[in-house]
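# Understanding the architecture of this molecule
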Amino acid sequence: MSKNKAGALGGKIWLSVILFGLIGQIAWVVENMYFSRFMQNEITRAPYATTLMVAFSAIFATISTLIGGALCDRAGKRKVFICWGYVLWGFTIAVFAFVPMQPSAEKVLPMVILVVAMDCIMSVIGSISNDAAFNTWITDISNTANRARVDTVLAIMPLFALAVVFGGFDSLTNASATTDDWKKFFLILGIIPTVGGIIGLFLMKDKKGIQPNKDNSMLSDFTYSLQPKVIKENKMLYICLAGNMFSAIAYQVYVNYLFNIIEGTLGIADYIIPVGIIMVVAAVASVIISSAMDKHGKKHFYYPTITAGIIGCIILWSAKFLIGKNPTALLAVLIIGGILVIGVSLVMAGLFTASYRDYIPEGKEGLFQGCRMVMYVLVPMIIGPVVAQIIISAFNKGVKAENIVYPMELFLGAAALMLLCFIPARIVRNKQPQMHDELMKKLDK
């Protein structure tokens, strides 16, 4: 079998990858970025509220993915969990339209608890359908000849999703947004996953030959990827995930405050064009780089990618010195730093996630989605926001909640954390060529 044939995917498969990748990320953009903005603008700017929401969402998402991955393998099905999950996912987003906003001081804490609880429910549904079932399906239909490309296409979906949400509906959520605006936002964005799930019922197909695997108990399947014996037997898989984990921790330091940093801290009111430039350039560059990774192997891309991410964070931090002084230079720094930071976050997925999939044992695709969630979602979404809260609190001592400013030092914290990526990168980089050759030989048979 030729390399090109081994890496070829049919039109319906690519359409399903893009459709469910995009719609899923639209839902996650709402959850990861706009729920935070909703909390900060309509409930309280105090960082503890955002930290609680992100951390509890990550915990419930991880548990749900462990359960969902086990169910996928035990049932031998992915489509039913994906499609019907997306239908329900949309409803959980739309319900946010009915949350009371701008609460009085004594009602802030109850409202924080309510929003956190609703976010957790949304995360449960989304994690089973997207993080567990859809990612298992992606592992089923991809192989080492196309995984960097597939995973990078999936990695740029958040940017396209952000373009859809940001370009079409951001005006409903900015500082001047009304209660009715927020209601429209959640109702419209809730419809999209529901419609996508219905379309998927007629479009998507499970890979042929998948058999139900009920050899072990549900409890054993639930904890499979977290068992010491399994970790020891598949240590390279976890080292790959560690690279993604450190990158994701750095990302979580600033991402939940990103819009308010641009609009509030930097004072850029008309940010649609610069953010659009960042997204388009980062997306195009990451696709080009991912194609090069599939063609030449991933070995040569680890160190330059991490270095570029660190430089991007430092460039964004330096924007603080231009606030209120040189608007043109400020925009230039935002765009250059933003392209590096966002582009690197996409390429890192093509590097480490694709490598992680290469090491998943055949027949265990669903069972290994849980450990991915623990290391790529749970740990980063707890540690990252806590680091952010420490930085924000340090720069806002004695400041009332409504006057809190989110400092550019968040990017310095992210840069420091990204240094940790070099540790797993060195190990994966040295092993990757051998693994790539072994998998390609299997495809050629």
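None of these values were measured; they are calculated from a predicted model. (Residues numbered from 1 in each chain as written. Predicted model: local features only at pLDDT ≥ 70, side-chain atom pairs only at ≥ 80, totals over all residues. Heavy atoms only, no water.)

Scanning the protein from N- to C-terminus turns up 17 helices and 0 strands. Relative to the 2.2 N^0.38 estimate, which gives 22 Å for 445 residues, the radius of gyration of the protein is 21 Å and therefore close to what a compact globule would have. In terms of principal-axis extent, the alpha carbons of the protein reach across some 65 × 40 × 40 Å. The buried share among the 445 residues of the protein stands at 58%. Of the contacts formed within the protein by residues at least 6 apart in sequence, a portion of 87% connects residues at least 24 apart. (Helix = DSSP H or I, 4+ residues; strand = E, 2+ residues; numbered from the N terminus. Rg over C-alpha atoms; globule rule 2.2 N^0.38 Å. Buried < 20%, exposed > 50% of the residue type's maximum accessible area, 1.4 Å probe, protein only. Contact = heavy atoms within 4.5 Å.)

In the contact formed by helix H3 (residues 47-75) and helix H5 (residues 108-141), the axes pass within 7 Å of each other and the chain directions differ by 30°. Classed by the angle they form, the pair H3 and H5 counts as roughly parallel. In this structure, the crossing between H3 and H5 has a hand that is right-handed. Grouping the amino acids of the contact of H3 with H5 by side-chain chemistry returns 18 nonpolar, 8 polar and 3 charged. (Axes fitted to C-alpha atoms, helices over the stretch in contact; angles between N-to-C directions. Parallel < 35°, antiparallel > 145°, perpendicular 65-115°, else oblique. Left-handed = near helix turned anticlockwise from the far one by under 90°. Nonpolar A, V, L, I, M, F, W, Y, C, P; charged D, E, K, R; others polar.)

Once the charged atoms of two side chains with opposite charge are near each other, the side chains can pair. This model, assessed by the stated rule, comprises 5 salt bridges. Here Glu263 and Arg37 are joined by a salt bridge, their closest N and O atoms 2.8 Å apart. Here Arg37 lies in helix H2 (residues 11-43) and Glu263 lies in helix H11 (residues 258-265), a separation of 226 residues in the sequence. Exposure remark for Arg37: the relative accessible area of 1% places this residue in the buried category. The partner of Glu409 in a salt bridge is Lys320, and the shortest N-O contact between them spans 2.5 Å. Residue Glu409 is found in helix H16 (residues 409-418), and its partner Lys320 is found in the loop between helix H13 (302-318) and helix H14 (327-358); the two are separated by 89 residues along the sequence. Classification of Lys320 by relative accessible area gives partly exposed; the value is 31%. Residues participating in the shared-partner salt-bridge network are Arg37, Asp170 and Glu263. (Salt bridge = Lys/Arg side-chain N within 4 Å of Asp/Glu carboxyl O.)

With that out of the way, let us pick up the side chain of Gln40. Structurally, Gln40 can be placed in helix H2. When its relative accessible area of 3% is taken as the criterion, Gln40 is described as buried. For Gln40, the side chain forms a polar contact with the main-chain oxygen of Asn256, separated by 3.1 Å. Once you skip the residues sitting within four places of it in the chain, Gln40 turns out to touch Arg45, Thr50, Asn256, Tyr257, Asn260 and Tyr406. (Polar contact = N/O pair within 3.5 Å; in protein donor to acceptor, adjacent residues only side chain to side chain.)

Tyr34, Phe185, Phe186, Leu237, Phe368 and Leu410 are the most contacted members of the largest nonpolar core, which totals 143 residues. Those residues in contact with Leu237 that lie beyond four places of it in its chain are Tyr356, Tyr359, Ile360, Phe368 and Cys371. (Core = buried A, V, L, I, M, F, W, Y, C linked by side-chain atoms within 4.5 Å.)

Contact geometry for helix H4 (residues 79-94) and helix H7 (residues 179-203): axes closest at 7 Å, N-to-C directions at 165°. Relative to H7, the element H4 lies roughly antiparallel. Handedness of the crossing formed by H4 with H7: left-handed. For the pair H4 and H7, the contacting residues are Lys79, Cys83, Trp84, Tyr86, Val87, Trp89, Gly90, Phe91, Ile93 and Ala94 in the first and Phe186, Leu187, Leu189, Gly190, Pro193, Thr194, Gly197, Ile198, Gly200 and Leu201 in the second. Counted by class, the contact of H4 with H7 contains 14 nonpolar, 5 polar and 1 charged residues.

Here helix H10 (residues 235-254) spans 30 Å end to end across 20 residues, near enough to the 28 Å set by a 1.5 Å rise per residue. Of all 20 residues that make up H10, 18 are buried, and the element is covered over most of its length. (Expected span 1.5 Å × (residues − 1).)

Another aspect to go through is the packing of aromatic side chains. With the rule as written, the count across this model stands at 24 aromatic pairs. Judged by centre distance (5.3 Å) and plane angle (90°), the ring pair of Trp317 and Phe321 falls under edge-to-face. Ring pairs connect the aromatic residues Tyr34, Phe35, Phe38, Phe96, Phe166, Trp182, Phe185, Phe186, Phe259 and Tyr271, which therefore count as one cluster. A cation over an aromatic ring shows up here: Lys320 above the ring of Phe321, its NZ or CZ 5.6 Å from the ring centre. (Phe/Tyr/Trp six-rings, centres within 6.5 Å; stacked < 30°, edge-to-face > 60°. Lys NZ or Arg CZ within 6 Å of the ring centre and 35° of its normal.)

The next subject is unusual backbone geometry. Of note in the backbone geometry, Gln102 takes a positive phi value of approximately 50° without being a glycine. Relative to the helices and strands, Gln102 resides in the loop between H4 and H5.

In a regular helix each residue adds 1.5 Å, so 25 residues correspond to 36 Å; helix H12 (residues 272-296) covers 36 Å between its end C-alpha atoms and thus fits that length. Three or more residues of H12 are buried, namely Pro274, Val275, Ile278, Met279, Ala282, Ala283, Ser286, Ser290, Met293 and Asp294. In the stretch just after H12, Gly297 is the one whose phi turns positive, near 90°.

Here the focus is the environment of Val150. For Val150, the location among the structural elements is in helix H6 (residues 147-169). Since its relative accessible area comes to 1%, Val150 is described here as buried. Residues Val150 and Ser290, spaced 140 residues apart in sequence, show a C-alpha to C-alpha distance of 8.8 Å. Residue contacts for Val150: discarding those within four places in its chain leaves Leu9, Trp14 and Ile138.

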